[in-house]
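Understanding the architecture of this molecule
Residues per chain are reported as follows:
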Amino acid sequence: MAVDFCPPSAVGLTRFSLRIFFVSLSSLYMAGFALRFHSQQDLIFDSPISTPSEPSNITMMRPFKKLWERFQERIVVQSCKLFVEDSKSYGKCLEEATQLRCTFKMVDAHFFNGTKVVEVAKDAVEFNLPIIRSNRRLVASENGGLHNPSCLVFNPEWTHKHVDNTSKRFQYPALPGIRRPKSEEDIAFMSILELGELIRTNQITSHELVQIFLQRLKRYNPVLEAVITSTDELAYKQAKEADELIAKGVYLGPLHGIPYGLKDIIAVPGYKTTWGSRSFKDQVLDIEAWVYKRLRSAGAVLVAKLVSGSLAYDDIWFGGRTRNPWNIEEFSTGSSAGPAASTSAGLVPFAIGSETAGSITFPASRCGVTALRPTFGTVGRTGDKLGPFCRSAADCSVVLDAIRGKDPDDLSSRDIPFRDPFSIDIRKLTVGYMDDAEMEVVHVLKAKGVNMVPFKLNYTVDSVQGILNFTMDVEMLAHFDEWQRTGQDDIYEAQDQWPTELRRSRVISAVDYVQAQRARRKLIEEVKKSFTVDAFIGNATDWEKVCLGNLVGLPVIVIPTGLKNISNPPSKGTRRRTTINTGIYARPDHDHIALALAIAYQSVTDHHKQRPPIDDLGPNDKIPDPPTVVIPPRRLHP
């Protein structure tokens, strides 16, 4: 239905309404006349366009079903013909008006009869459009989520009791005896805590670390396609400041002088923030994102803006498609593809990604790194849920401690209570394991004294995935309304992704969006009631769990648990592997529990220390171009 379907004058309205009435009456009379030719023994059917104003259980022969439908449509057509006659200046609307009933069917509102359909269209133009256009002028002239935040804010808290949210920074474990390796390769795969100890004890400088990691970024990026912008000048400037503080005896903590990368949806002044999209590839935002401010204050050094899938959807971006370091014939999946691949390949010690639905969990699982999707609101986002990709759960704890907190520009962020995960006595915890949990994790934690029990989340809401799509698509379109209205979606990198999603979301009614949020609240209450353990272990990429976890606000940490052979390896072998992983889920605001369990598991295993075979695939292994790996149909993983 075109937006230029406009109402006639006040006089015309009266005549218009009367003439609709007579057209409708005559049409119904003709339909009734036709029906009287048939006996009561004829078949009964309910017309797919029947409405409360039509007689129920109309008795007619099947051949007359189409006749009845045509009469109903004729009400709309005749009404619109009269409408045009009384309002010539409003353009050609007849052929558009014949589609009115189909339009109403798209939003499951075909219970309106013909007269009401035309009446709604007139009233929508007269009443709704001025409001819509006014709001667009006010808040929908800029794309992205950094402007005019919504006053409708999701809070995942499960208790309304007063909680002291002024938790102090915790004490990090000491690593005495750490010595600088001779190999730069070995340095590149050290943990944050290990590198921090080297800097603290003057065994290495931040400047040296920046050189090492910038060289690796430039060396491997042509293969992985994981970097959008190298921030060399800024990195050396920040490294110099970090080294000068050390020389003065000032040590800011374990992130002091440590290089890192940011997903390129995070704004840094003076550098492009492309959102991975061709539409915004030259965009520079004069904004300091909250997470960048927090990391800078902790002494960390930004070396690169890493790939975000275009507009935070999957791993395709305007410059290509990011690959998985463990098997470079595969792609990374998920829009935090750059942070996952770069951390996995030792191009950065850690990186910050984001997730709306799977963009941390999917690429972390594919690339074999440890990553945390924190409780919604834990990290000031000014746009999305942000979380760290790291070598280990201990590193994730360090980074989360630095970036957590209330962002004044993000209404959804909070100062949540965050206990020291290194001090949790896991022997006092009861942890569930689902049918799809990696049992090695279960056995290791049980051996360390954790009470492990079989577990299943019970809930009756059967539209979890649909609720997430309704919520995400509508809010995404609100941020990129102007992008769609100006046709920029036509140049989007993958036409089967956001363009399709957001066109569909244009016809989700406000009523049905609110109903989805009411269903979401019901889901939250049911999950809360069913969550009878301190944490549970389960598949991190199961789509139902991804949708549920993001709707409810559950934190989850993804941990690598092993490697297996790739499918269809070359006949003479390869060193490429498929990573195995699992997720540890906790209640909202209990991220420290998931972290403590992951730290415990990794304290006696070394899966997280393995290095992908980027340089040495095997003596006879060559990657075909294009890849022969079958890429499954993409699903929504922003």
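Scroll up to find the structure.
What comes next concerns the included structure.

Some points on the overall build of the chain
Helix and strand counts for the chain come out as 20 helices and 15 strands. Contacts in the chain between residues far apart in sequence, at least 24 positions, make up 75% of those at least 6 positions apart. Split by element, the accessible area of the chain, about 28700 Å² in all, is 53% carbon and sulfur.

A few points about the pattern of salt bridges
Counting across every chain of the model gives 29 salt bridges. Residues Asp589 and Arg414 are paired through a salt bridge, measuring 2.9 Å at the closest nitrogen-oxygen approach. Taken as a pair, Asp589 in the loop between strand S15 (577–586) and helix H20 (591–602) and Arg414 in the loop between helix H13 (393–403) and strand S11 (430–433) lie far apart in primary sequence, 175 residues in all. We classify Arg414 as buried; its relative accessible area is 13%. Note that Asp542 and Lys545 form a salt bridge whose closest N and O atoms lie 3.8 Å from each other. Classification of Lys545 as buried rests on a relative accessible area of 13%. One salt-bridge network, in which partners are shared between bridges, spans Glu157, Arg414 and Asp589.

Quick notes on the layout of surface pockets
Estimates place the volume of the second largest pocket at around 610 Å³. Along the wall of the second largest pocket there are 32 residues; nearest its centre are Ser191, Glu194, Ser392, His608 and Lys609. Of all the secondary-structure elements, those providing two or more residues to the lining of the second largest pocket are helix H7 (192–200), helix H11 (337–344), H13 and H20. Broken down by element, the residue count for the lining of the second largest pocket peaks at three residues, all from H13. Class assignment of the residues belonging to the lining of the second largest pocket gives a composition of 15 nonpolar, eleven polar and six charged.

Analysis parameters
- Residues numbered from 1 in each chain as written.
- Predicted model: local features only at pLDDT ≥ 70, side-chain atom pairs only at ≥ 80, totals over all residues.
- Heavy atoms only, no water.
- Helix = DSSP H or I, 4+ residues; strand = E, 2+ residues; numbered from the N terminus.
- Contact = heavy atoms within 4.5 Å.
- Areas by Shrake-Rupley, 256 points an atom, 1.4 Å probe, with all protein chains shown as cover.
- Salt bridge = Lys/Arg side-chain N within 4 Å of Asp/Glu carboxyl O.
- Buried < 20%, exposed > 50% of the residue type's maximum accessible area, 1.4 Å probe, protein only.
- 1 Å grid on protein atoms, 1.4 Å probe; cavity = no way out; pocket = protein on both sides within 12 Å on 5 of 7 lines; lining within 4 Å.
- Points joined across faces, edges and corners; volume = space filled by probe spheres on them.
- Nonpolar A, V, L, I, M, F, W, Y, C, P; charged D, E, K, R; others polar.

Interpretation note: all reported values are geometric properties and have no functional meaning in isolation.
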